[in-house]
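# Report on the structure
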Amino acid sequence: MIEFNEHHKELKGFSDYYEANILPGLERDETARLAAVKKAKMSWPLIAAGAAAIAVIAFLLGATLPIYIFIVVGAGGFMVAASQYFLKGVKSATKDNIMGGICQFLGWTFTEKVEHSAHLETYIGLDLLPRSYDRVHYEDRVTGAAHGAEFEFYEAHLEKRVKTKNGHRWETRFRGQLLVLDFDRKFLGQTVVLRDKGMFNRKKKGDMKRVGLVDPVFEKIFEAYSTDQVEARYLLTPTFMQRLVDLETSVDGKEIRFGFTGGQLLIAVETVNRYEAGSMFKPLIETARTQKILDEIGAIYDVIDGVMKPAERRV
């Protein structure tokens, strides 16, 4: 009997569900994983031989040490790329099986490939995301409901094309989680909470004025603006602010910021890539890879659980 750490009440019974619905798929795909790993490893000697040949030519041409370092690093890069190529299909299927299975257990919906976001312009308009970017990529969208309110979260990566001496490079402007919580009624005003920028803080942001936060600890971390001062103070209690700080910690993130507009609470927090299937050079049935994703989902659920309950009492 496989036992997972079902650390959230909503995850109780997942261990039984895993054995009946997720494990069979992982066992089936294990054969495909072994075949893909074999192909990947077969490519490594060919890449190494090519690198050795280039190194010999470089030696005959009197190359310096940096050239040899470049050859070694390049060979390593080609080996990694070849491994990713052969294992891409298995990795995607494994991610969909585990992540999709967990979401199905919770009554949520998971989509790995995401083409667009209906909320991007709203995030940008509230200054929760940078206005200057040239391309954006989304993935791992999860939709569902908690405490009677609908939510959606997904990963976003915004990049800016930057000129260099040799052409250009892509600079990350934002990479992290976007979480949208829908309430059953609209807020009276618009409230945004950004990171404190010290002397660069503005007294106004558009038609929104600064809001003083009750707790001096949060006043040092955040800067709040709102079109409705009374509603903003009603929403931004120390308890609620602590929930958002806890979210930043639970997802190993940074620079969390959020805003209330219309009937939604929009949250942006910078994180590394999450909800991944892990190394394809280890057996798929190793429970550690599933536990990792289960923990990440549990952390998000804890946040939704914590944010929704106090928010429901306010609105």
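Residues numbered from 1 in each chain as written. Predicted model: local features only at pLDDT ≥ 70, side-chain atom pairs only at ≥ 80, totals over all residues. Heavy atoms only, no water.

Let us look at the environment of Leu 34. Mapped onto the elements of the fold, Leu 34 is located in helix α1 (residues 14–60). As a C-alpha pair, Leu 34 and Ala 55 span 21 residues in sequence and 32 Å in three-dimensional space. (Helix = DSSP H or I, 4+ residues; strand = E, 2+ residues; numbered from the N terminus.)

Right, let's get into the nonpolar core. Ranked by internal contacts, the top residues of the largest apolar core, which has 58 residues, are Trp 108, Phe 153, Leu 236, Met 241, Phe 258 and Ile 297. For this core, the leading source of residues is α1, giving eight residues. Once residues within four sequence positions are removed from consideration, Ile 297 is found in contact with Met 99, Ile 102, Leu 106, Trp 108, Phe 153 and Tyr 275. With 20 residues, the next largest nonpolar core counts Leu 120, Ile 124, Val 180 and Tyr 225 among its residues. (Core = buried A, V, L, I, M, F, W, Y, C linked by side-chain atoms within 4.5 Å. Buried < 20%, exposed > 50% of the residue type's maximum accessible area, 1.4 Å probe, protein only. Contact = heavy atoms within 4.5 Å.)

Residue Leu 87 marks the point of greatest curvature in helix α2 (residues 65–106), where the axis turns by about 55°. Gly 107 sits one or two positions beyond α2 and adopts a positive phi of about 85°. (Bend = angle between axes of the 7 residues up to and from the residue.)

Here we take up the confidence of the model for the protein chain. Detailed conclusions should not be drawn from predicted coordinates in areas where pLDDT is low. Of the residues in the protein chain, 94% have a pLDDT of 70 or more, and the chain-wide mean is 85. When mean pLDDT is taken per element in the protein chain, helix α3 (residues 120–125) scores highest with 92 and strand β6 (residues 204–205) scores lowest with 68. Below a pLDDT of 50 lies the segment residues 310–315, which in the model reaches 12 contacts outside its immediate sequence neighbourhood of four places, other chains included. (pLDDT = per-residue confidence, 0-100.)

What characterises a pair of aromatic rings is the spacing of the ring centres plus the angle enclosed by the ring planes. Counted under the stated rule, the structure contains 17 aromatic pairs. Between Phe 4 and Tyr 18, the ring centres sit 4.7 Å apart and the planes meet at 75°, which makes this aromatic pair edge-to-face. Within this pair, whereas Phe 4 is found in the segment before α1, its partner Tyr 18 is found in helix α1, the two being separated by 14 residues in sequence. The two residues Phe 4 and Tyr 18 agree in class, both being buried. Seen in terms of ring centroids, Tyr 17 and Phe 105 are 5.2 Å apart; in terms of plane orientation they differ by 55°. Their pairing is tilted. Here Tyr 17, found in helix α1, pairs with Phe 105, found in helix α2; they are 88 residues apart in sequence, far enough to count as distant. The partly exposed category is assigned to Phe 105, whose relative accessible area is 21%. Through pairs of rings, three or more aromatic residues link up here, namely Phe 4, Phe 14, Tyr 17, Tyr 18 and Phe 105. (Phe/Tyr/Trp six-rings, centres within 6.5 Å; stacked < 30°, edge-to-face > 60°.)

A positive phi angle, near 65°, is found at Asp 127, a position not held by glycine. Structurally, Asp 127 is set in the loop between α3 and β2 (135–146). Residue classification places Asp 127 among the partly exposed positions, given a relative accessible area of 23%. Even without being glycine, Glu 255 reaches a positive phi, approximately 55°. By relative accessible area, which is 33% here, Glu 255 ends up partly exposed.

What follows is about the pattern of salt bridges. All chains considered together, the criterion is met by 12 salt bridges. For Arg 28, the salt bridge goes to Asp 29, with nearest N and O atoms at 3.3 Å. We note a salt bridge from Asp 127 to Arg 131, for which the minimum N-O separation is 3.2 Å. Among the residues examined, Arg 131 registers a relative accessible area of 56% and is labelled exposed. Each of the salt bridges in this network shares a partner with another, and the network as a whole consists of Arg 195, Glu 248 and Glu 255. (Salt bridge = Lys/Arg side-chain N within 4 Å of Asp/Glu carboxyl O.)

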